[in-house]
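# Observations on chain architecture
Take a look at the letters that make up each chain.
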Amino acid sequence: MMKNKLKEAIESVGLSYRKEILKIVLANLILLLGTGAIYYFTKNIIYTIMLLIGLVVVNYMLLSRFADMKKTLAKKHENELITIITYFEVYIRNKNNVYQSFNLLIPYCSSWMKDKVETLLKEIDNDKSVQPFVNFANNFSQLSSHSLLLSIYQMVDQGENSHQLEQFDVIFDELARNRHKEMMEQKEKSLGNMSTFPLIGAGAITVTLTISIISVLGDLMNVI
């Protein structure tokens, strides 16, 4: 179960599961051999414990980065959705229908988005219901993305009239505002995290000095 979740997390960001696991295994092997060598030559249990704690931290960082990469990628896709829907609106206002407008978006899409748009168009060819639009919206985490795609489907169902365009504009503006707000909050959080780095550094130096003093005192006691 854990293996499947890890594999899914790695492959969802476009990385090779086999290669990433190999990197993690090699990193662990190097750190364990280094820990063993330091203990063998120094017989210092404190340094050994520090290295083992470092091993746990490194493993946590290696494994958690996939979830972070997935979140970053999801936000990137949501940003791209806002960009291509801006173009979509231009095409709709220039008297193209919904199908034509999505088709015209393809040259401006990333490879990921291109695949999703082409899948949407193929599904529309076979299914005239709302389902293809729901499936497309499921690629994005924001709830307003679903509302936006449903409003686009209503254009198919009821025509690209002024009322439908107005409803589409309201939902799209809300989506763009929410995304902009999230980006601002993320930037503020990032700046806030940066202010904690000096404290972490000071704490690490304090711990290192404390351990060094204890080690020196231990050596002195042995000499006495």
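One structure accompanies this document, and this report is about it. Please read these numbers as outputs of a predicted model, since none were measured by experiment.

### Focus on the side chain of Glu80
- The topology assignment puts Glu80 in helix α3 (residues 45-93).
- Of the side chains with opposite charge, Lys76 comes closest to the buried, unpaired Glu80, at an N-O distance of 7.0 Å.
- The residues contacting Glu80, other than those within four sequence positions of it, are Tyr108, Cys109, Ser110 and Met113.

### Regarding the packing of helix α2 (residues 17-42) against α3
- Two elements in contact, α2 and α3, have axes whose closest approach is 9 Å; the angle formed by their N-to-C orientations is 175 degrees. Relative to α3, the element α2 lies roughly antiparallel. For the pair α2 and α3, contact is made by Glu20, Ile24, Ala27, Asn28, Leu31, Leu32, Thr35, Ile38 and Tyr39 and by Ile45, Tyr47, Thr48, Leu51, Leu52, Leu55, Val58, Asn59, Leu62, Leu63, Arg65 and Phe66, respectively.
- Its residues assigned to classes, the contact of α2 with α3 comprises 15 nonpolar, four polar and two charged.

### Thoughts on the side chain of Ser64
- Along the chain, Ser64 turns up in helix α3.
- A polar contact is formed between the side chain of Ser64 and the backbone oxygen of Tyr60, at a distance of 2.8 Å.
- A polar contact of 3.5 Å, which involves the side chain of Ser64, links it to the backbone oxygen of Met61.

### A look at the pattern of salt bridges
- Throughout the structure, instances matching the rule amount to four salt bridges.
- Between Glu20 and Arg65 there is a salt bridge; the shortest N-O distance is 2.4 Å. Placement of the pair is Glu20 in helix α2 and Arg65 in helix α3, with a sequence separation of 45 residues.
- Relative accessible area serves as the criterion here: at 27%, Arg65 is assigned to the partly exposed category.
- The salt bridge partner of Glu89 is Arg93, with a shortest N-O separation of 3.5 Å. Of this pair, Glu89 and Arg93 are both found in helix α3, four residues apart, which corresponds to roughly one turn of the helix.
- The network of salt bridges with common partners includes Glu20, Lys23 and Arg65.

### Describing the layout of surface pockets
- In this structure, the second largest pocket spans a volume of roughly 150 Å³.
- For the second largest pocket, the full set of lining residues is Ser12, Lys70, Leu73, Ala74, His77, Trp112 and Asn139.
- The greatest single-element share of the lining of the second largest pocket, amounting to four residues, is contributed by α3.
- Grouping the amino acids of the lining of the second largest pocket by side-chain chemistry returns three nonpolar, three polar and one charged.

### Things to note about α3
- Along its 49 residues, α3 runs 72 Å from first to last C-alpha, staying within 8% of the 72 Å computed at 1.5 Å per residue.
- At Ser64, α3 shows its maximal kink, close to 30 degrees.
- Looking one or two residues beyond α3, the residue adopting positive phi is Lys95, at roughly 70 degrees.

### Some thoughts on the packing of aromatic side chains
- Considering all chains together, one arrives at six aromatic pairs under this definition.
- Between Phe102 and Phe136, the aromatic rings sit 6.1 Å apart at their centres with planes inclined by 70 degrees, giving edge-to-face as the arrangement. Here Phe102, found in helix α4 (residues 98-105), pairs with Phe136, found in helix α6 (residues 131-137); they are 34 residues apart in sequence, far enough to count as distant.
- Among the residues examined, Phe102 registers a relative accessible area of 0% and is labelled buried.
- Look at Phe136 and you get buried, because its relative accessible area is 2%.
- With centroids separated by 5.6 Å and ring planes inclined at 65 degrees, the aromatic side chains of Phe136 and Phe140 adopt a geometry described as edge-to-face. Each member of the pair, Phe136 as well as Phe140, is classed as buried.
- Joined through ring pairs, the aromatic side chains of Phe88, Phe102, Trp112, Phe136 and Phe140 make up one cluster.

### Some words on the nonpolar core
- The biggest cluster of nonpolar side chains holds 31 residues, and the ones touching the most others in it are Ile85, Phe88, Phe102, Val117, Phe133 and Ile152.
- Breaking this core down by element, the ones donating at least two residues are α3, α4, α5 (111-126), α6, α7 (143-158) and α8 (162-194).
- When residues in this core are grouped by element, the largest group, seven residues, is from α3.
- Not counting chain neighbours up to four residues away, the residues in contact with Phe102 comprise Phe88, Val117, Leu120, Leu121, Phe133, Leu149 and Ile152.

So, how was this worked out
- Residues numbered from 1 in each chain as written.
- Predicted model: local features only at pLDDT ≥ 70, side-chain atom pairs only at ≥ 80, totals over all residues.
- Heavy atoms only, no water.
- Helix = DSSP H or I, 4+ residues; strand = E, 2+ residues; numbered from the N terminus.
- Buried < 20%, exposed > 50% of the residue type's maximum accessible area, 1.4 Å probe, protein only.
- Lys, Arg positive; Asp, Glu negative; His and termini not counted.
- Salt bridge = Lys/Arg side-chain N within 4 Å of Asp/Glu carboxyl O.
- Contact = heavy atoms within 4.5 Å.
- Axes fitted to C-alpha atoms, helices over the stretch in contact; angles between N-to-C directions.
- Parallel < 35°, antiparallel > 145°, perpendicular 65-115°, else oblique.
- Nonpolar A, V, L, I, M, F, W, Y, C, P; charged D, E, K, R; others polar.
- Polar contact = N/O pair within 3.5 Å; in protein donor to acceptor, adjacent residues only side chain to side chain.
- 1 Å grid on protein atoms, 1.4 Å probe; cavity = no way out; pocket = protein on both sides within 12 Å on 5 of 7 lines; lining within 4 Å.
- Points joined across faces, edges and corners; volume = space filled by probe spheres on them.
- Expected span 1.5 Å × (residues − 1).
- Bend = angle between axes of the 7 residues up to and from the residue.
- Phe/Tyr/Trp six-rings, centres within 6.5 Å; stacked < 30°, edge-to-face > 60°.
- Core = buried A, V, L, I, M, F, W, Y, C linked by side-chain atoms within 4.5 Å.

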